[in-house]
Amino acid sequence: MSSEPIERRVSYISDRLRGSICPICGKRYYKPRYYCPKCGRKSVGKMEETSYLYSKGVLEVCTLIDDPTNKFKTLSPYIYGIVRIPEADIRIPARLTDHIQNTPFKPEEYEGREVVFRFRRRYAAEPHEIVPTTSLTFTFADEYYPYIPYEPKEPKEPSEKPGIVGYALYTSRFRIREGGMERSVPFLDEDSITAAVEAGKLALIQAALHGWKIKKIYVGTESNPYAVKPIASKVAQVLDLGENLGDGVRGVDAIDTEFACKAATSMFKDAVA
Ligand SMILES: [Zn+2]
């Protein structure tokens, strides 16, 4: 793996697809910028933060990578391409996931199609390493989990009573069948962190809630990739949950739980307490 500070920086930017908007000319950028190259000095320190995590893109060009460098070998062969986000007029490089190339590669079968960003592992990590993650992966918008726009709204009226305002689920795309049983199996770049982020992202979309309205997050799993480090904090970071306390710090109660098949559901009771 690259050095830990580099790894954290890469994750910080690509997990949420962070970018900047120039308040003077309106130009958007992928990756945060301190100033706008078009507007120069007068934009210094005025750039606004943005995120393309919930955007829909179009795959402009792509190629098949069949002999990648070492750490990407487990994913090989995979399709890599340039995705354009039309409303922001930006282009970003990304990898097609949930895809096994069994037929001869023809780029024209993929180019021009709409895509949705997915949160996945960037490459295979050793057990002692930080799990490298990214949202620079995509699936096609007309397959499996289709694109749903994220339009957060303010609640109409306050309520003291607990209740469910939205829910969502995420299951991996691939299946194994044995007898009458069907099980979902994660793709090579999935784990409980990536599944929790995908489910949480869909839940925010369904509930039409801003992340800063969320005060607690519980992640239940029987297959935590870490021995000690919590994954709920990672989910909170990627989905930008919790109250903004300034200087990039968010206030949110993030907890992992572990109990076969009821790790998360038993927390429903706790959540209303
Ligand atoms: Zn500008």
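This text follows the structure it describes.
Cut-offs applied
- Residues numbered from 1 in each chain as written.
- Predicted model: local features only at pLDDT ≥ 70, side-chain atom pairs only at ≥ 80, totals over all residues.
- Heavy atoms only, no water.
- Helix = DSSP H or I, 4+ residues; strand = E, 2+ residues; numbered from the N terminus.
- Expected span 1.5 Å × (residues − 1).
- Buried < 20%, exposed > 50% of the residue type's maximum accessible area, 1.4 Å probe, protein only.
- Contact = heavy atoms within 4.5 Å.
- Core = buried A, V, L, I, M, F, W, Y, C linked by side-chain atoms within 4.5 Å.
- Domains from an automatic or database assignment.
- Pairing = 2+ DSSP bridges.
- Axes fitted to C-alpha atoms, helices over the stretch in contact; angles between N-to-C directions.

Some words on helix H2 (residues 192-207)
Here H2 is 16 residues long and its end C-alpha atoms lie 22 Å apart, about the 22 Å a rise of 1.5 Å per residue gives. H2 sits mainly inside the fold: 12 of its 16 residues count as buried. Residues of H2 that are buried: Ser192, Ile193, Thr194, Ala196, Val197, Glu198, Gly200, Lys201, Leu202, Leu204, Ile205 and Ala207. Lining the buried residues of H2 we find strand E7 (114-121), strand E11 (216-220) and helix H3 (232-238). Following H2 by one or two positions, Ala208 has its phi on the positive side, about 55°.

A closer look at the nonpolar core
Ranked by size, the top nonpolar core spans 24 residues in total, and within it Tyr54, Leu204, Val219, Val235, Leu239 and Leu241 carry the most contacts. Secondary-structure elements contributing two or more residues to this core are H2, E11 and H3. Here the element with the most residues in this core is H2; it accounts for 6 residues. A domain-level breakdown of this core finds at least three residues from each of domain 1 (1-17 + 52-143) and domain 2 (166-273). Beyond its immediate chain neighbours, meaning those up to four positions away, Val235 contacts Ile193, Ala196, Val197, Ile217 and Val219.

A look at the sheet that holds strand E5 (residues 78-85)
With mixed pairing, the 5 strands of this closed barrel are ordered in space as E4-E5-E6-E8-E7. Pairs of neighbouring strands in the sheet enclose a mean axial angle of 50°, with direction left out of account. Of the pairings in the sheet, the one linking strand E4 (residues 56-65) to E7 comprises 3 bridges and is antiparallel in character. Bridging across to E7, Gly57 finds its partner in Val115.

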